[in-house]
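Next come the chains, spelled out residue by residue.
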Amino acid sequence: MITNYYVFVPAIMGSGASLRVGMKTRELGCRKVLVVHDQGLKDVGIADTIIENLQAAGLETVVFGKVLADPPDILVEEVAELARNEKIDGIVAVGGGSAIDTAKGINTLINNPPPILQYFGYRTDLKSGVPMVFIPTTSGTGSEVTSMAVISCTSRGNKDSVMGPHCIGTLALVDPDLTLGLPAKMTAATGIDALAHAVECMTGGQANPLSDALAKEAIRDIAKWLPIAYKDGSNLEAREKMINASMFAGMAFSNALVHLGHSIGHSLGAVFHIPHGIACALVLPEVIEYSAKSESKKVAMICECFGEKVQEDATCEEIGALANKLLRNFMKSVDIPNMKELGFDLEKVLAIAPMVTSDTGFAIAPYRVTAAKVANMLQTAFDA
């Protein structure tokens, strides 16, 4: 079998790494950069620190500080127009997946005409954008090292991905200090998102030795350190382990992609407007149990990453059931709610099944299932 390995983005990792942003961005040849962040990072002072660091290095800054969760295409197009008019020559994105995905969407449109929906899917034929420096402030999406951005399409009422070289960062500055103030609920939601990336890319149709190695390391660290970070957000070791696991999981799924769990997550997120990590977690135990039918060895590895030894003679059904139990109990340990607890209407939940089967990631699921089977998974997970 011929396997392609992708290692996309150079990264500087460690406490204080974000304070190199001015120096490193200037080294990339940038002189006028667009800084992308959300209001929350302005409120806690992180955004201003980054902007001041850039300006101290002699860079001119244009600031967009109104990033929205699940970035809508209309907003991305508006800010891309601002970036073109200002003739920026670099982008610095500070924040979680929404900020970084917004930056990637803007970069797609720097030298390519809108609307962005025409660029959904993997494209290598687009004009290149500008250098991008990514500074994550959550430990979940791994967007700083991936080649894709998830964008909400307002006209269609769904989410889709823009993928290709125009979405690849030039440098990632991975600083655990920036995650120390992350609230417990967001710590859990983003940590579970990283877990979803790791377990799905291990069990999907494009898994390879590199993605497996990265994913296993990420799962081990998440299993050990997420509960600690959740209970004690000031624990710097836990924060460092988690942001490293998030980056490893992002590298893993950049090589192997994610599948049914994220297809369900994208659909639930589009309909119920919940955080991406929560959306991907809601049916994750059932998705991994389903995966065991064809990927029992991989699912057994996942169980062992959680410290549970799998019997050599265990059937795929037994392995799948064990994985379901382990993942569900782990999610409950960091208070991830189920759909019933979130107040979802079961009928509306089941109605998303056809949307799931049309999502891009559905194509690399371990084996094909019908919309009826997806609906069955949704119903089982509804009040699990």
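Above this note sits the structure.
Each chain carries its own residue numbering, running from 1 in the direction its sequence is written. Local features in this predicted model are restricted to residues of pLDDT 70 or higher, and side-chain atom pairs are both shown and tallied only at a pLDDT of 80 or more, whereas totals for entire chains, interfaces and linings draw on every residue. Side-chain descriptors were evaluated using all non-hydrogen atoms of the structure, hydrogens and water having been removed beforehand.

> Can you explain the sheet that holds strand β7 (residues 148-153)? Please cite residues and give values.
When DSSP locates at least two bridges between a pair of strands, those strands are taken to pair. Only DSSP runs of H or I covering at least 4 residues are called helices, and only runs of E covering at least 2 are called strands; the numbering of each starts at the N terminus. In space, the 3 strands of this open sheet follow the order β5-β8-β7, with mixed pairing throughout. Each edge of the open sheet carries a strand with a single partner, namely β5 (121-122) and β7. Here β7 runs beside strand β8 (residues 158-163); their pairing, made up of 6 bridges, is antiparallel. Each residue of the ladder has a partner; that of S152, found in β8, is K159.

> Would you mind going over the nonpolar core in detail, with residue names and values included?
Definition used in this section: a nonpolar core is a set of buried Ala, Val, Leu, Ile, Met, Phe, Trp, Tyr and Cys residues joined via side-chain atoms within 4.5 Å. Exposure is judged per residue with a 1.4 Å probe applied to protein chains only, and the accessible area is read against the type maximum: over 50% gives exposed, under 20% gives buried, and values in between give partly exposed. Counting 83 residues, the largest nonpolar core has L260 and M339 as the members making the most contacts within it. Setting aside residues up to four positions removed in sequence, M339 forms contacts with L268, L282, V283, F344, V349, L378, A381 and F382. Formed by 31 residues, the second largest nonpolar core is a distinct cluster that contains A83, I100, L109 and F134. By the convention used here, residues are in contact when the closest approach between their heavy atoms is within 4.5 Å.

> Describe in detail unusual backbone geometry, supporting the description with residues and values.
Across the junction of P114 and P115, the peptide omega takes the value 5°, indicating a cis bond. For P115, the location among the structural elements is in the loop between α5 (97-110) and β5. The phi angle at D70 is positive, at roughly 50°, despite the residue not being glycine. Here D70 shows up in the loop between β3 (60-64) and α4 (73-86). Notably, H273 is not glycine yet its phi reads approximately 55°, a positive angle. Assignment of secondary structure puts H273 in the loop between α9 (260-272) and α10 (276-281). For H273, a relative accessible area of 63% translates into the label exposed.

> Break down the pattern of salt bridges for me, citing the residues and quoting the values.
Salt bridges are defined as contacts in which a side-chain nitrogen from Lys or Arg sits within 4 Å of a carboxyl oxygen from Asp or Glu. Under the criterion given, the structure shown has 9 salt bridges. R123 is the salt-bridge partner of D125, the closest N and O atoms lying 2.8 Å from each other. Residue D125 is classed as exposed on the basis of its relative accessible area, which comes to 55%. Of the residues examined, R123 reaches a relative accessible area of 22% and is grouped as partly exposed. Linking K298 and D212 is a salt bridge whose minimum nitrogen-to-oxygen distance equals 3.0 Å. Note that K298 is positioned in helix α12 (residues 296-305) and D212 in helix α7 (residues 209-231), a separation of 86 residues in sequence.

> Could you give an account of the packing of aromatic side chains, naming the residues involved and the relevant values?
Note on aromatic pairs: the rings of Phe, Tyr and Trp (six-membered ring only in Trp) are paired at centre separations within 6.5 Å, and the planes decide the class, stacked below 30 degrees, edge-to-face beyond 60, tilted for the rest. Tallied over the full model, the rule gives 3 aromatic pairs. A centroid spacing of 4.0 Å and a plane angle of 10° characterise the contact between F272 and F344, whose relative ring orientation is stacked. Of this pair, F272 sits in helix α9 while F344 is found in the loop between α13 (316-333) and α14 (346-350), placing the two residues 72 residues apart along the sequence. Of the two residues, F272 and F344, both sit in the buried class. Ring geometry for F306 against F330: centres 5.2 Å apart, planes inclined by 75°, an arrangement best described as edge-to-face.

> An account of the sheet that holds strand β9 (residues 171-174) is requested, with residue identities and associated values reported.
Across the sheet, which stays open at both edges, the 6 strands sit in the order β1-β9-β6-β4-β2-β3 with parallel pairing between neighbours. Whereas interior strands pair on both sides, the edge strands pair on one side only; in this sheet they are β1 (11-13) and β3. With direction set aside, neighbouring strand axes in the sheet form an average angle of 15°. With respect to the sheet, α5 is in contact with β2 (32-36), β4 (90-95) and β6 (132-136), its orientation differing from that of β4 by roughly 160°. Here the axes come from fitting lines to C-alpha atoms, over the contacting stretch only for helices, and the angles between their N-to-C directions go from 0 to 180 degrees.

> Go over a negative patch on the surface with me, naming the residues and quoting the values.
On the surface, a cluster of negative charge is contributed by E312, D313, E317 and E318. As for its placement among the helices and strands, E312 is situated in the loop between α12 and α13. Patch membership requires over 30% relative accessible area and the absence of a salt bridge. Like charges are linked within 9 Å, and nonpolar side chains (Val, Leu, Ile, Met, Phe, Trp, Tyr) within 5 Å. Using a 1.4 Å probe, accessible areas were evaluated by the Shrake-Rupley method; residue-level cover was limited to the displayed protein chains. His residues and chain termini do not enter the charge count, which takes Lys and Arg as positive and Asp and Glu as negative. Charge coordinates come from a single atom per side chain, which is NZ of Lys, CZ of Arg, CG of Asp or CD of Glu.

> Outline the packing of α7 against α12, listing residues and values.
At a minimum axis distance of 9 Å, the contact between α7 and α12 shows a crossing angle of 35°. The interaxial crossing formed by α7 with α12 has right-handed handedness. Of the residues in α12, those in contact with D212, K216, I219, R220 and A223 of α7 are K298, M301, I302 and C305. Residue polarity is assigned by list, with Asp, Glu, Lys and Arg as charged and Ala, Val, Leu, Ile, Met, Phe, Trp, Tyr, Cys and Pro as nonpolar; anything else, Gly included, falls into the polar class. Here the contact of α7 with α12 is composed, by residue class, of 5 nonpolar, no polar and 4 charged. Less than a right angle of anticlockwise turn of the near helix away from the far helix marks a crossing as left-handed, whereas a clockwise turn marks it as right-handed.

> Which residues make up α7, and what values do they have?
Relative to the 33 Å expected for 23 residues at 1.5 Å per residue, α7 spans 33 Å between its end C-alpha atoms, a close match to the ideal helical length. Note that bend, as reported per residue, equals the angle between axes fitted to the 7 residues terminating at that residue and the 7 residues originating from it. The sharpest bend along α7 reaches about 40° and sits at W225, with the proline P227 one to four residues further on. Capping the start of α7 is the job of one residue whose side-chain oxygen sits 3.0 Å from the backbone nitrogen of L210: N208. For a helix, the expected span equals 1.5 Å multiplied by the residue count minus one. Polar contacts here mean pairs of N or O atoms no more than 3.5 Å apart (in protein, one a potential hydrogen donor and the other a potential acceptor; neighbouring residues in sequence count only if both atoms are side-chain atoms).

> Quick rundown of the pairing of β2? Include the residues and the values.
The element β2 is largely enclosed, with a buried count of 5 among its 5 residues. Of the two faces of β2, the one holding K32, L34 and V36 and the one holding V33 and V35 are both buried throughout. Here 5 bridges tie β2 to β3, and the two strands are oriented parallel to one another. In the strand pairing of β3, V36 is matched with F64.

> So what's going on with helix α6 (residues 184-203)? Which residues, and what values?
With 20 residues, α6 should cover 28 Å at 1.5 Å per step; its first-to-last C-alpha distance of 29 Å lies within 8% of that length. Counting buried positions over the 20 residues of α6 gives 17, a clear majority of the element.

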